[in-house]
Amino acid sequence: MSTPRKSPKRPAVRTASAPAGRAVDRPADDEIWPRVTRELADDLAVDALARDRAGKAPFDEVARLQEAGLPALLTAPGPSRRGADWRAACAVVREISAADSSVGELLAHHYALSWSSRFFGPAHEAHTPYRADAPPETAAVPAPEDASGAESTSGTETASGADGARRPGAAHRRPLALDVCTAEERWLLAGGVEPPRAASEPGLTLTPAEGSGGGWILDGRRAFASGVTVADRLVVGARPGGTGDLLVVLVDPAHPGVFTDAGTDRVGQRLAGAGTVTFDHVPVPPEHVLGVLPHDEHAVAPFTTLAPLALRLLLTQVGLGIAEGALAEARDISRADQAGPVPAGGAGGPAAGDGTAPAGSGDDPYLLLAYGELATAAHAAAAVVERATDALARGLHTEWSLTLEERADISVLVAAAETVTGRAAVHITTRILELVDGTAGADSRGGGPGFDRFWRNARALTAPTRADHRLRDIGDHYLNGTHARLTLLA
């Protein structure tokens, strides 16, 4: 039965010493992040198999992330904080995923959602920090459509009048700068902005709230791929009356009207915190409307359409981490197996009488060939992913000056990285199951590394993606110069 989601209180843990008055406890320099990430990845790798078997909600994993300060990494620079860029965020997701891809997916969704107010908010407000004591402001936004799909006759609503108070543009504080607020409040974000994939899914709906305070009432039910069982805040997209423009809103999952059903029957990514959330008459104050996504895709700014590309690239980093993590663990097992038993004479015993190396020295040509093939596949995927990461980072830096041509080029590179990495992850994790079969310590039932989890995680992560669709878009762009469709579906 669905119950309101209650998360245990997590202690605030300092990751490094900070000057007095700093709003957030986080490492003082960006150069610390690789070391912090490496230490956390090593910690997660120790009990990754045991946690995967247990399949519990990832409260402990989130506590480890918060202790390391990683959820606050992708934050805009400011007087009291140092923000790392998207390249650093991608590197963190990739290394964490090599140890535990479920935790990597949690972090990937969190990073993408933390920029929601930047992607979907007004350009002039995208970098304005939220202050609880800020005075109300008058803002003009498109009026929502009614349930029949017809736009309000008032055209653009303002803060004046009783009707204006019922709209997102009613008198309200500035929308939150979500990345800053997330770091200061130590939130973990989950949810999803994209509309439902299937036409049969009604999605989430908003109705104007009664009273002079304005705002909205959120209702509906949606399934989400990550984090909803442990999130501190949910970022979701919902339509007023079920039609028209999509509003991006922030919701507290501890509200009595929010119910979460955990996804307990997943084949892979068992600790990603997936689940289905039901919203029953949940109030959304005006300042928690982070932005608007126009119904007409041609009215969407190119910078806004980087939102799904950012999420897709972060999830591609998760897939690459799975492939690299599986390959590294298999190599360690093969090395230990190839070392063979200790000679009768002890560690310093004589070699074989003919002067050749003893059996089990790692010179099996078929094994070397197999690892050469898999390592090459991983290197190729990494090269494509890094090129896409650089392109996306440049596009995000351009912000609202991004052109359609630049966005199209980024889209093609992300699609190529997604396709190459998805195939490589599935191939590598499948082939490794064959290489370690029968190897001492490789049987998960006997307490070994459990290499099946890499294959299950790779399959679960890549299953929603249609490689043929991505390849078609790449081919159309390469041959005809056609732009990929501006869609928010990840």
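Residues numbered from 1 in each chain as written. Predicted model: local features only at pLDDT ≥ 70, side-chain atom pairs only at ≥ 80, totals over all residues. Heavy atoms only, no water.

(A) Region of interest: the overall build of the protein. On a plain count of helices and strands, the protein comes out with 13 helices and 11 strands. Here the protein holds 490 residues, and the buried ones make up 50% of them. Residue pairs at least 24 apart in sequence account for 77% of intrachain contacts in the protein once pairs closer than 6 positions are excluded. A total accessible area of about 21900 Å² is found for the protein, and carbon and sulfur atoms account for 55% of it. (Helix = DSSP H or I, 4+ residues; strand = E, 2+ residues; numbered from the N terminus. Buried < 20%, exposed > 50% of the residue type's maximum accessible area, 1.4 Å probe, protein only. Contact = heavy atoms within 4.5 Å. Areas by Shrake-Rupley, 256 points an atom, 1.4 Å probe, with all protein chains shown as cover.)

(B) Molecular detail of the pattern of salt bridges. Within the structure shown, the criterion is met by 24 salt bridges. A salt bridge links E61 to R51, with the nearest nitrogen and oxygen atoms 2.9 Å apart. Linking E61 in helix α3 (residues 59-68) with R51 in helix α2 (residues 48-54), this pair joins segments that are 10 residues apart in sequence. A salt bridge links D52 to R456; its shortest N-O distance comes to 2.7 Å. With D52 in helix α2 and R456 in helix α12 (residues 452-462), this pair connects stretches of sequence that are 404 residues apart. An identical accessibility class is assigned to D52 and R456; each is buried. Shared partners join several salt bridges into a network, and the residues in it are D43, D47, R51, D60, E61, R64 and D100. (Salt bridge = Lys/Arg side-chain N within 4 Å of Asp/Glu carboxyl O.)

(C) Representation of the packing of aromatic side chains within the structure. Within this structure, the stated rule accounts for six aromatic pairs. Each ring, one from F119 and one from F120, has its centre 6.4 Å from the other, and the planes form 65°; the classification is edge-to-face. For the pair F119 and F120, a shared accessibility class is recorded, and that class is buried. Every member of this aromatic cluster is reached through a ring pair, and the members are W86, W115, F119, F120, F303 and W400. Here R118 stacks its cationic end above the ring of W115, 4.6 Å away from the centre of that ring. (Phe/Tyr/Trp six-rings, centres within 6.5 Å; stacked < 30°, edge-to-face > 60°. Lys NZ or Arg CZ within 6 Å of the ring centre and 35° of its normal.)

Limitation: the analysis is restricted to geometry and does not speak to function.
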